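Below, each chain spelled out in residue letters.
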Amino acid sequence: MYSRKMVVMRQGIYPVMLTPFEPHAEVGDPPVDHGCLAALSEWYIRSGAVGLFTVAQSSEMYSLTPEERLECARTVQKASGGRVPVVASGTFGGPIEEQAAFVNRMSKEVDVVVVLVCNLAGKEESDAIWIKHCTTLLELTPGVTLGLYECPAPYHRLLSPATLKWCADSGRFAWIKDTSRNNELISAKIDALRPLDASPLRWFNGNVTTLLHSLKEGSHGYSGVSANVYPWMHAWLCANWKTEPAKAVKVQRFLTVAEALVKTMYPASAKVYLGQAYPHFGIKPTCRVRDFVFLPEDLEKLRQLQLMMEDVCKEIGIVPVAPTPFESSTVGIGAAS
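Keep in mind it's a predicted model, so treat the numbers as computed, not measured.

(A) Region of interest: the packing of helix α2 (residues 66-80) against helix α3 (residues 96-106). Between α2 and α3, the shortest axis-to-axis distance is 10 Å and the interhelical angle comes to 30°. Judged on the interaxial angle alone, α3 and α2 are roughly parallel. Viewed along their axes, α2 and α3 form a crossing whose handedness is right-handed. Two secondary-structure elements touch here, α2 through Pro66, Glu67, Arg69, Leu70 and Ala73 and α3 through Phe102, Arg105 and Met106. Split by residue class, the contact of α2 with α3 holds five nonpolar, no polar and three charged.

Structure, rendered in structure tokens:
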């Protein structure tokens, strides 16, 4: 069990969780399928996840209401049952005081509340302004363990190595999902953290193409989109890259090439893939961000992706894990306790 006062961010994978929805309603947005969300949480954990990132961009977080964000976090935390830490986004723009108020609310539901880097300063504002706003946020959220996410929407803001070091020095941040997508910048950021042994900040790569490079540089793992499709592959790579380097190169090669297909019509692609590969699971293709149309050709590509993944797993010795449908007796969901 993990103490909420002493969050341990283990090395490995933190899937950026999907939000399952019921079919489109006649009026309004399709409701969140909390039963399927709880079942997804269990599947990620059984597939090797050491933590869960809900209310992420993959979760269609900007299409969720504030209450829905809290409810999703609550469902995932209950499903986790303290086996792994749960992180969730908590800053969605507006005055820093309002963002801090929601961070404090979210902190009652999860272990780590994630600060979306792009929402603390405008696109043209300097790192000094960002640090000023972040300092205010820290002052207004005493005792809350925080994370960072270089979310590419509404605009893509990357932390410089110096700003990342400032965050680590604060002692308030335990986790970052980095989206630099550039080996040279990744190396510089990880290098900036090396002298800070006492800092709780752990660095996770959100880009699968650069994953093996970042692991060799000293990163702590992965938190990206394709962990919604075959999370056991990323878990294996994070755990075995050093002891089985030849196999690690093969796994990385598959992950790099397959990523383009996973990202086509994402996040619906991941939902369609899971629904097609595991029809008993019951996840629906419904999304709020937009409607996606999958032609027979698109479905066949996803089926071939599954078969190729299974071939690689067989060669490497990785065992895929099938999700199981939600059982209502296993966990309370959605509403506050």
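(B) Spatial organisation of the pairing of strand β7 (residues 202-205). Pairing analysis gives four bridges linking strand β6 (residues 173-178) to β7, with the strands arranged parallel. Considered in β7, the bridge of isoleucine 176 is made with tryptophan 203. Of the crossover connections in this fold, the one passing from β6 over helix α6 (residues 183-193) to the parallel β7 is right-handed. Here two bridges tie β7 to strand β8 (residues 221-222), and the two strands are oriented parallel to one another. If you follow asparagine 205 over to β8, its bridge partner there is tyrosine 222. Read from β7 through helix α7 (residues 211-217) to β8, the crossover connection turns out right-handed.

(C) The arrangement of the environment of leucine 274 in detail. Structurally, leucine 274 is set in helix α10 (residues 268-277). Judged by its relative accessible area of 0%, leucine 274 is buried. Spatially, the C-alpha atom of leucine 274 lies 9.1 Å from that of proline 285, the residues being eleven residues apart in sequence. Each residue touching leucine 274, except ones within four places of it in the same chain, is listed here: Leu18, Leu40, Trp43, Asn228, Val229, Pro279 and Ile283.

Scoring rules and cut-offs
- Residue indices begin from 1 for each chain and proceed along its sequence in written order.
- Only residues with pLDDT of at least 70 get local features here, since the model is predicted, and only at 80 or more are side-chain atom pairs given and counted; chain-wide, interface and lining totals rely on the full set of residues.
- Values reported for side chains reflect all heavy atoms of the structure, with hydrogen atoms and water molecules removed beforehand.
- Axes here mean lines fitted to C-alpha atoms, for a helix over just the part in contact, with angles spanning 0 to 180 degrees between N-to-C directions.
- Helix and strand definitions here come from DSSP, where helices need a minimum of 4 consecutive H or I residues and strands a minimum of 2 consecutive E residues; each element is numbered from the N-terminal end.
- For classification, angles of less than 35 degrees are called roughly parallel, those exceeding 145 degrees roughly antiparallel, those between 65 and 115 degrees roughly perpendicular, and all remaining angles oblique.
- Crossings are classed by handedness, with left-handed meaning an anticlockwise turn of the near helix from the far one by less than a right angle and right-handed meaning a clockwise turn.
- Residues are treated as being in contact if the distance between any of their heavy atoms lies within 4.5 Å.
- When residue character is reported, Ala, Val, Leu, Ile, Met, Phe, Trp, Tyr, Cys and Pro are called nonpolar, Asp, Glu, Lys and Arg charged, and the others, Gly included, polar.
- By definition, two strands form a pair when at least two bridges between them are found by DSSP.
- The handedness of a crossover follows from its direction of travel: if, with the strands pointing away from the viewer, the path from the first strand over the helix to the second runs clockwise, the crossover is right-handed.
- Only protein chains enter the accessibility calculation, which uses a 1.4 Å probe; a residue whose area is less than 20% of its type maximum is buried, one above 50% is exposed, and one in between is partly exposed.

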